[in-house]
Protein chains: 2
Amino acid sequence: MELKNMAKKLVFGHQNPDTDTIASAMGAAYLLQEAYHEETEAVALGTPNAETQYALDYFGLNPLRVIEKAETEEVVLVDHNEKAQSVANLDDVEVVGVYDHHKINFTSANPIWFTNKPLGSVATILYYEFQVNQIEIPKAIAGMLASAIISDTLLLKSPTTTKLDQPALAGLAKAAGIDDYEAYGMNLLKAGTDLSQRTARELIDGDAKSFDFNGHEFRIGQVNTVDIEDTLNRKAEFEAAMQAAEYQNFLFVITDILNSNSKAIFVGPDAAEVEKAFDAKLENNVVDLPGVVSRKKQVVPPLTAAF
Amino acid sequence: MELKNMAKKLVFGHQNPDTDTIASAMGAAYLLQEAYHEETEAVALGTPNAETQYALDYFGLNPLRVIEKAETEEVVLVDHNEKAQSVANLDDVEVVGVYDHHKINFTSANPIWFTNKPLGSVATILYYEFQVNQIEIPKAIAGMLASAIISDTLLLKSPTTTKLDQPALAGLAKAAGIDDYEAYGMNLLKAGTDLSQRTARELIDGDAKSFDFNGHEFRIGQVNTVDIEDTLNRKAEFEAAMQAAEYQNFLFVITDILNSNSKAIFVGPDAAEVEKAFDAKLENNVVDLPGVVSRKKQVVPPLTAAF
């Protein structure tokens, strides 16, 4: 059995799309068309962030169409597998494929295509799927997938980076005509760090995900910057936006992508658990997170353990 | 991140092991050793059935060591992903990898290697994993994996068969030194159909799985035969064993592998739903299932729908 070729399938990543979610939707939609003759459309659950827009402009692509709910009976998820991060009507449609690199919380009524690998980005997984299926990757899609690896691994420096990511990035950069992926990557990452034109609310929610730690609701947002202290000058603004967002707990991680460090602003009742998780004191709602750059590998696991 | 190379990992399939579960445990254990330098041991949750024993004998292999509970901190599951079909202490260990082709009901605390594809057998999935990783498959393991494809797809005739199964079987048969996989396959399947030496209890439970259909417990067993009516001569024996097994409902599917038909004996309170599922009447506890050979594709889905 392959994916049933019944009708068009929407392919999309998570809410608050980042570069990996957008690039992987494009890559998976193309892969499914070429490898399995599926009619697919890559869509997004939101507009591109500044980093993704930089990549789209660089490779001459339009942003993906934004949907609020899935309009087809069958969908393919990329870069997420949990309802909380997906379209509102996910329960009403059938998920027939998943390409992801997160923890798994998923049930299906039937056997489906589900590929989850603990690699730096979904783009890495897709790169190898293209190789297996011997499908050439179009230049612009290769460029987006390369950008996704750079974005998710902070140019291969994040602890989420695996030994499979560098060869994938090198292969994709070549296919995309990027001569020096380090130079391109620094420009891409910096494009995502111009925070001055964005409101506090946009920043706390731009790359935010909701978690449930043993019944305690946590919203965890993250921004990349090249100057944490400069970003922290807007702390009062962020705190007001975090309180207004009305989550039980809100942790806003500000990450210095040049020096691979973070500080986080915390608002909520579970301060003791936050201090326990990171073995550090909150001072004026701010906790120092030296060496932390990855929410998935360095923020969520200690919080999970603390609860 | 790859599988953490901390200690030995047990690799095992489901309870009541069939040929795909045994062969895939062997194949995945070898793949993980060669591709990721993991220390692994393929084990089983039971002794081989007659078909699997035929393949083991043919390729000069000993049966896998039988375990009752997982003895290592980390395990890899093949051919199942649900607790109900696994070791009793699954909650006490960490699942770090899954290779499967069933419906999914799984959660993990971390990103893991999880490859589920709707292909005819897990052996097919593993064959392509070996290709991707450019690892040569030892002759005996190739033979077991070829046997698993033959077993799960009834020599490529079951509706679970996909377009990826035949090339995998052909490639594995070649690696195993099987010149005529059709001839070998018929002998393998027939080896599994000598039911005369096995007790009714062994037969109803030899390839049985438990399901929950909207709160209704179902045990579904299956045997392959070359003569359904001959097997049905032992109906009273089977009914007694099914009642003694004390499941809420028990459906025992007897499948003619030569003509691709089944009849099933049913014991339990939910007869109306069984009749509804298969649009057929139970007569003396027996329902005719023309064209049915696959529990996964042709028995479980209509029962799911009926409840």
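On a predicted model such as this, the values are computed, not experimentally measured, just so you know.

Reading the values: the criteria
Residues numbered from 1 in each chain as written. Chains lettered and ligands numbered in written order. Predicted model: local features only at pLDDT ≥ 70, side-chain atom pairs only at ≥ 80, totals over all residues. Heavy atoms only, no water. Buried < 20%, exposed > 50% of the residue type's maximum accessible area, 1.4 Å probe, protein only. Helix = DSSP H or I, 4+ residues; strand = E, 2+ residues; numbered from the N terminus. Pairing = 2+ DSSP bridges. Contact = heavy atoms within 4.5 Å. Buried area = accessible area lost by both parts, 1.4 Å probe. Polar contact = N/O pair within 3.5 Å; in protein donor to acceptor, adjacent residues only side chain to side chain. Axes fitted to C-alpha atoms, helices over the stretch in contact; angles between N-to-C directions. Parallel < 35°, antiparallel > 145°, perpendicular 65-115°, else oblique. Left-handed = near helix turned anticlockwise from the far one by under 90°. Nonpolar A, V, L, I, M, F, W, Y, C, P; charged D, E, K, R; others polar. UniProt positions renumbered as here; feature names shortened; annotations may be inferred. Least-squares fit on C-alpha atoms with pLDDT ≥ 70 in both.

Caption draft 1: Representation of the pairing of strand 9 (residues 216-225) of chain A. Residues and elements named next belong to chain A. Counting buried residues in strand 9 gives 8 out of 10 residues, a clear majority hidden from the surface. Between the end of strand 8 (residues 208-213) and the start of strand 9, which pair antiparallel, lie 2 residues, with N214 showing a positive phi angle near 55 degrees. When strand 9 meets strand 10 (residues 249-256), the two strands line up parallel, connected through 8 bridges. Counted as the bridge partner of N224 is T255 from strand 10.

Caption draft 2: Molecular detail of the interface of chain A and chain B. Counting residues at the interface gives 31 residues for chain A, matched by 32 residues for chain B. For the pair chain A and chain B, the two sides together bury roughly 2,600 Å², of which 59% comes from carbon and sulfur. For the pair chain A and chain B, the number of links is 7 residue pairs in polar contact (both at pLDDT 80 or more). Elements with a minimum of two residues in the side of chain A that touches chain B: strand 6 (105-107), strand 7 (113-116), helix 3 (122-132) and helix 11 (295-306) of chain A. Broken down by element, the side of chain A that touches chain B gets its largest block of residues, 4 residues, from strand 7 of chain A.

Caption draft 3: Examining the packing of helix 4 (residues 139-153) of chain A against helix 6 (residues 181-191) of chain A more closely. Residues and elements named next belong to chain A. One way to put it is that helix 4 packs onto helix 6 with a least axis distance of 10 Å and a crossing angle of 65 degrees. When the axis of helix 4 is compared with that of helix 6, the two are roughly perpendicular. Of the two elements, helix 4 crosses helix 6, and the hand of that crossing is right-handed. For the pair helix 4 and helix 6, contact is made by S147, I150 and S151 and by Y181, Y184, G185, L188 and L189, respectively. Taken together, the residues of the contact of helix 4 with helix 6 break down into 5 nonpolar, 3 polar and no charged.

Caption draft 4: Geometry of the environment of E239(B). All names here are of chain B. Mapped onto the elements of the fold, E239 is located in helix 9 (residues 235-244). With relative accessibility at 14%, the residue E239 sits in the buried group. If sequence neighbours within four positions are ignored, E239 has contacts with I265, V267, N284 and N285.

Caption draft 5: Representation of the UniProt feature "domain: DHHA2" (unreviewed entry) in chain A in the model. In the numbering used here, UniProt assigns the feature "domain: DHHA2" (unreviewed entry) to residues 185-307 of chain A. Helix and strand shares over residues 185-307 of chain A are 40% and 28% respectively, and the end C-alpha atoms of the span are 37 Å apart.

Caption draft 6: Summary view of the relation of the copies chain A and chain B. Superposing chain A onto chain B takes a rotation of 180 degrees plus a shift of 0.0 Å along the axis, which leaves an RMSD of 0.0 Å. What we have between these two chains is a two-fold relation. For chain A, the residue whose C-alpha comes nearest the rotation axis is T115(A), separated from it by 2.4 Å. An overlap of 100% is found between the interface residues of chain A and their copies at the interface of chain B, pointing to a shared contact surface.

Caption draft 7: Molecular detail of the sheet that holds strand 8 (residues 208-213) of chain B. All names here are of chain B. The strand order across the open sheet formed by 5 strands is 8-9-10-11-12, and the pairing between neighbours is mixed. What marks the edges here is a single partner per strand, and that holds for strand 8 and strand 12 (286-289). The average angle at which neighbouring strand axes cross in this sheet is 25 degrees, direction not considered. Alignment of strand 8 against strand 9 (residues 216-225), held across 6 bridges, turns out to be antiparallel. Across the sheet, residue D212 finds its bridge partner in strand 9, namely E217.

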